[in-house]
Amino acid sequence: MARGGKKKPFAKWSMHQALHSEVSSLLVESGLEFKFHSEDTEIGCINDRDSNIMGRFTCHTSTCSSTGWSSKMIAITIREYSGQRYNARVYHQRCKSCKRLSRPLLDDSYAERVVYWLKKWSGVQVVKPAFSGHSKGPHDRNLCEGCKAGHCSQEDDDFFSERFNRFVSSESSAID
Ligand SMILES: [Zn+2]
Ligand SMILES: [Zn+2]
């Protein structure tokens, strides 16, 4: 596989420590402080959650005709560790044309999602982040490493079930 270089072109997922400052600044608003745990491990993990975020992929095959693609269904596993630490594993996708793996460039949804769960696990009241991940066509499971690893939640059920519950409770109290 990749020799000598720090880049791993065939990696099926990666961590995005560069986005920690974004996460931190959102956490500060709630008086929370977490450190990024750079070890991609289950050891010490006390909470974890599969979710989906948004971003853009570029194909790095020079002979490939693909200009890249954006995805509203990038699989992510968010993990909290003991001692106020966290990390998140972001799953890669394959180019439709040449099947090469690509690491995404993520948008604000990364920090929003991570912070949402860290707050929730810390017992902080959370407001659902605006997220429009359902307008696109079908998710291609063959090109998604999150699906292959069994960590692509796709349904976004965590947010849906909450919204649903809220509707149910407000309806039942508003019956005339
Ligand atoms: Zn390609
Ligand atoms: Zn998937």
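Residues numbered from 1 in each chain as written. Chains lettered and ligands numbered in written order. Predicted model: local features only at pLDDT ≥ 70, side-chain atom pairs only at ≥ 80, totals over all residues.

Observations concerning the overall build of the protein chain
What the protein chain contains, in helices and strands, is four helices and eight strands. Residues classed as buried in the protein chain amount to 27% of the 176 residues present. Considering only intrachain contacts with a sequence separation of at least 6, the fraction spanning at least 24 residues in the protein chain is 72%. (Helix = DSSP H or I, 4+ residues; strand = E, 2+ residues; numbered from the N terminus. Buried ≥ 20, exposed ≤ 12 C-beta atoms within 10 Å, placed from the backbone. Contact = placed C-beta atoms within 7 Å.)

Re unusual backbone geometry
Generally, phi is negative for residues other than glycine and the peptide bonds are trans, each holding for most cases. Positioned with a positive phi, glutamine 84 is a non-glycine residue whose angle comes to about 55°. Judged by C-beta crowding, with 14 C-beta atoms within 10 Å, glutamine 84 ranks as partly exposed.

Here we look at the confidence of the model for the protein chain
On average, residues of the protein chain carry a pLDDT of 85, and 77% of them reach 70 or more. Taken together, the stretch residues 1-5 has pLDDT below 50 and engages in five contacts with residues farther than four places along the chain or on a different chain. Confidence drops under pLDDT 50 across residues 157-176; counting only partners more than four residues distant or on other chains, this segment forms five contacts. (pLDDT = per-residue confidence, 0-100.)

As for the nonpolar core
By size, the foremost hydrophobic cluster in this structure holds 25 residues, and its most contacted members are Ile74, Ile76, Val114, Val115 and Leu118. For this core, the elements supplying multiple residues, two or more each, are helix H1 (20-28), strand S3 (45-57), strand S4 (69-81), strand S5 (85-91) and helix H2 (109-121). For this core, the element with the highest residue contribution is H2, accounting for seven residues. Once residues lying within four places of it in the same chain are set aside, the contact partners of valine 114 are Val23, Ile78, Tyr86 and Ala88. (Core = buried A, V, L, I, M, F, W, Y, C linked by C-beta atoms within 7 Å.)

Here's the deal with the environment of aspartate 140
Relative to the helices and strands, aspartate 140 resides in the loop between H2 and helix H3 (145-149). In this structure aspartate 140 comes out as partly exposed when scored by C-beta crowding, with 13 C-beta atoms within 10 Å.

Some words on the pairing of S3
Pairing geometry for S3 and S4, over 11 bridges, is antiparallel. Bridge assignment links serine 51 to a residue of S4, and that residue is isoleucine 76. (Pairing = 2+ DSSP bridges.)

Observations concerning the environment of tryptophan 69
Mapped onto the elements of the fold, tryptophan 69 is located in strand S4. Between the alpha carbons of tryptophan 69 and cysteine 95 there is a distance of 8.2 Å; along the sequence they are 26 residues apart.

Remarks on the pairing of S4
For a regular strand, side-chain orientation follows a simple rule: the groups alternate between the two sheet faces. Within S4, 10 of the 13 residues are buried, which leaves it mostly tucked inside the rest of the structure. One ladder, built from six bridges, connects S4 with S5; its direction is antiparallel. In the strand pairing of S5, tyrosine 81 is matched with arginine 85. Linking S4 back to S5 in an antiparallel pair, the connection comprises three residues, with glycine 83 at a positive phi of about 80°.

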